[in-house]
Amino acid sequence: MLDIQLLRNDLEGTAQRLKGRGFELDVARFQELEQERKGVQMRTQELQAKRNQSSKQIGIAKSKGEDVAAIMAEVANLGDELKAAEEKLAYIQSHLNDLLMTIPNLPHESVPLGKSEEDNVEVRRVGTPRTFDFAVKDHVDLGESLKQLDFETAVKISGARFSVMKGQLARLHRALAQFMLDTHTAEHGYTEVYVPYLVNAESMRGTGQLPKFEADLFSVQKNENEKLYLIPTAEVPVTNIVRDAIIAAEDLPLKFVSHTPCFRSEAGSYGRDTRGMIRQHQFDKVELVQIVAPEQSYAALETLLGHAETILKKLELPYRVMALCSGDMGFSAAKTYDIEVWLPAQNTYREISSCSNFEAFQARRMQARYRNEKNKPELAHTLNGSGLAVGRTLVAILENYQNADGSVAIPAALRPYMGGMENITLED
RNA sequence: GGAGAGAUGGCCGAGUGGUCGAAGGCGCUCCCCUGCUAAGGGAGUAUACGGGCUUAAACCUGUAUCGAGGGUUCGAAUCCCUCUCUCUCCGCCA
């Protein structure tokens, strides 16, 4: 959520900046609502002040045993107008709030301007894609011929965009998550957290998934009038740890890492990546979350990005870092880097991590604050990044480490998690 | 699932219809005292939003907020209704 003051003070300028990320702010509607709000709010408060004063006088008079009939009569006809004014104010404010909740974050000044993926800027490339002296298979062919990846059974159990893994491959999947968690806790100073996978609507609003993106979420009915949502990323429960909290300055930065499944209905993406594990309704991810003081958030974004990159370096997977352009960033982000891993079978780099600074956008929705030097509560900045998406990392390992005979070498960093095993081989 | 108790500021805790945004304590900030430390004395110390003033802050002023929402009333932390959560006991369960 943007600071409403920003819209009041510089509506045109803000609208212009939002245009840069492809969002058309309804300036006229905001102005209209805001003007109406001002008038109604002033009138409401005026009436409330009058009522409060009269009521106070009634109290004083009664305690002195005086007659209060005159004051009572005076205040009596305030009631209807006050009630109407209060209702109208609530109505206007809820509309203003609805409008505010659907406005995306402003891009940071360092974000390249652009309309789509095409305009993202490559920041660096690390590692060299391996050259193969045989025809590469994609992860689906590899996994299926190893008899450890089974989409047909997944379809039977659940439907499209799910997968079943077995044997060594299932273990490798588990090993990856363990390896990532261990690296971030032992080497990068993150605190591991275990969090709910079902969250309430308030949490989804806090990080920005609601109200705008309900269609992308799975939900379950908790009771007649309450829904719970399956988390699309650990970002939601982990960031909401600090919702409605005031954190002591000395406790910042907070650094959490969490391994969770993620559930996405991905409505609107039908037809994209229908084959394989790239785009699934359910996948595992290790997520990094930081809560920091505002002046530190951009430095924190760089280090968080580095933490995610460390995993790829240790796994010796070639990747590149992209700075997303204004038009390609997510709703809540002020700045985002994507890490893309090399996939030989697709002969291209594919997203495996997304690291963002949200500045105060989520914190404002969540009322997540800390005490600054003046001991005043101030909105914190929130960041997160995948460190990494486990399923896609598995895909990258299969494809990059494949051998001519269809077996797959296990990266050295993972072997301790695989009982010393060096290759994934055919299993029955 | 059954029975009971509860939810008040950063924390503890008083407050059952009126000058209550809320006693008292702890904590914190500033000042005084003290050779240092400890102890002591004094003052201050919620948040959000509106309006005024302002480059901004500070400040002044108003409104709202005592788990959430609704109701009664001129007036609600206090009374009524609904909901949520927490705790205790019982049952069940991994």
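Summary of the structure given here. None of these values were measured; they are calculated from a predicted model.

### Some remarks on the sheet that holds strand E14 (residues 369-371)
Part 1 of the reasoning: Spatial ordering of the open sheet is given by E8-E14-E15, a layout of three strands whose pairing is mixed. Sheet topology places strand E8 (246-247) and strand E15 (377-379) at the edges, where each strand pairs with a single neighbour.
Part 2 of the reasoning: Sheet topology places E8 next to E14; two bridges connect them, and they run parallel. Within E14, the position partnered with isoleucine 247 by the bridge is tyrosine 370.

### Examining the protein's contact with RNA strand B
Part 1 of the reasoning: In the vicinity of RNA strand B, 23 residues are found, and the nearest of them are Arg8, Arg37, Gln48, Ser55 and Ile58.
Part 2 of the reasoning: The side chain of lysine 62 places a nitrogen or oxygen atom 2.9 Å from a base oxygen of RNA strand B.
Part 3 of the reasoning: Secondary structure elements with two or more residues in the surface near RNA strand B: helix H1 (4-9), helix H3 (27-63), helix H4 (69-76) and E14.

### A closer look at the pattern of salt bridges
Part 1 of the reasoning: A full pass over the atoms with the stated rule returns 18 salt bridges.
Part 2 of the reasoning: Across the salt bridge formed by glutamate 122 and arginine 125, the nearest N and O atoms sit 2.8 Å from each other.
Part 3 of the reasoning: Given a relative accessible area of 32%, glutamate 122 falls into the partly exposed group.
Part 4 of the reasoning: Where lysine 285 meets glutamate 287, a salt bridge forms, and the shortest distance between an N and an O atom there is 2.6 Å. Comparing lysine 285 with glutamate 287, the two get one shared label, buried.
Part 5 of the reasoning: Bridged by salt links that share partners, the residues Glu122, Arg125, Arg320 and Glu340 form one connected network.

### Regarding the sheet that holds strand E4 (residues 191-192)
Either a parallel or an antiparallel arrangement is found when strands of a sheet pair, and the pairing is made through backbone hydrogen bonds.
Part 1 of the reasoning: A sheet is described by the order of its strands in space; here eight strands give the open sequence E1-E11-E12-E13-E16-E10-E9-E4, paired in mixed fashion. Every interior strand has two partners, whereas the edge strands, strand E1 (121-126) and E4, have only one.
Part 2 of the reasoning: Helix-sheet contacts for helix H11 (residues 297-314) involve E1, strand E9 (254-263), strand E10 (282-292), strand E11 (319-323), strand E12 (335-343), strand E13 (348-357) and strand E16 (381-389), and the interaxial angle to E16 is about 10 degrees.
Part 3 of the reasoning: Taken strand by strand, helix H13 (residues 390-400) contacts E10, E12, E13 and E16, and its axis lies near 35 degrees from that of E16.

### Quick notes on a negative patch on the surface
Part 1 of the reasoning: Together, Glu117, Glu118, Asp119 and Glu351 give the surface a local cluster of negative charge.
Part 2 of the reasoning: With respect to the element layout, glutamate 351 can be found in strand E13.

### What to know about the packing of aromatic side chains
Part 1 of the reasoning: Using the criterion set out here, one finds six aromatic pairs in the structure.
Part 2 of the reasoning: Between phenylalanine 213 and phenylalanine 331, the ring centres sit 5.4 Å apart and the planes meet at 75 degrees, which makes this aromatic pair edge-to-face. Note that phenylalanine 213 is positioned in the loop between helix H9 (201-207) and strand E6 (219-223) and phenylalanine 331 in the loop between E11 and E12, a separation of 118 residues in sequence.
Part 3 of the reasoning: A relative accessible area of 30% means that phenylalanine 213 is categorised as partly exposed.
Part 4 of the reasoning: Each ring, one from tryptophan 342 and one from tyrosine 349, has its centre 5.0 Å from the other, and the planes form 70 degrees; the classification is edge-to-face.
Part 5 of the reasoning: Ring-pair connections join several aromatic residues into one group, and the members of that group are Phe213, Phe331 and Phe361.
Part 6 of the reasoning: When the ring centre of tyrosine 190 is taken as reference, the NZ or CZ atom of lysine 255 above it lies at 4.9 Å.

### Re the pairing of strand E7 (residues 226-230)
Part 1 of the reasoning: Taken together, the two bridges between strand E5 (residues 198-199) and E7 define a ladder with antiparallel strand orientation. Each residue of the ladder has a partner; that of valine 199, found in E7, is tyrosine 229.
Part 2 of the reasoning: Where E6 meets E7, four bridges bridge the pair, whose relative direction is antiparallel. Paired with serine 219 across the strands is tyrosine 229, a residue of E7.
Part 3 of the reasoning: The turn joining E6 and E7, which pair antiparallel and follow one another in sequence, is formed by two residues.

### Comments concerning the packing of helix H8 (residues 167-186) against H13
Part 1 of the reasoning: As a packed pair, H8 and H13 sit with axes 10 Å apart at the nearest point and diverge in direction by 120 degrees. Judged by the sense of rotation from one axis to the other, the crossing of H8 with H13 is right-handed. On H13, the residues touching Leu169, Leu172, His173, Leu176, Ala177 and Met180 of H8 are Val390, Gly391, Thr393, Leu394, Ile397 and Leu398.
Part 2 of the reasoning: Classifying every residue of the contact of H8 with H13 gives nine nonpolar, three polar and no charged.

Rules of the game
- Residues numbered from 1 in each chain as written.
- Chains lettered and ligands numbered in written order.
- Predicted model: local features only at pLDDT ≥ 70, side-chain atom pairs only at ≥ 80, totals over all residues.
- Heavy atoms only, no water.
- Pairing = 2+ DSSP bridges.
- Helix = DSSP H or I, 4+ residues; strand = E, 2+ residues; numbered from the N terminus.
- Near = heavy atom within 4 Å.
- Polar contact = N/O pair within 3.5 Å; in protein donor to acceptor, adjacent residues only side chain to side chain.
- Salt bridge = Lys/Arg side-chain N within 4 Å of Asp/Glu carboxyl O.
- Buried < 20%, exposed > 50% of the residue type's maximum accessible area, 1.4 Å probe, protein only.
- Contact = heavy atoms within 4.5 Å.
- Axes fitted to C-alpha atoms, helices over the stretch in contact; angles between N-to-C directions.
- Patch = residues over 30% accessible without salt bridge, like charges linked within 9 Å, V, L, I, M, F, W, Y side chains within 5 Å.
- Areas by Shrake-Rupley, 256 points an atom, 1.4 Å probe, with all protein chains shown as cover.
- Lys, Arg positive; Asp, Glu negative; His and termini not counted.
- Charge placed at Lys NZ, Arg CZ, Asp CG, Glu CD.
- Phe/Tyr/Trp six-rings, centres within 6.5 Å; stacked < 30°, edge-to-face > 60°.
- Lys NZ or Arg CZ within 6 Å of the ring centre and 35° of its normal.
- Left-handed = near helix turned anticlockwise from the far one by under 90°.
- Nonpolar A, V, L, I, M, F, W, Y, C, P; charged D, E, K, R; others polar.

What is shown is where atoms sit, not what they do.
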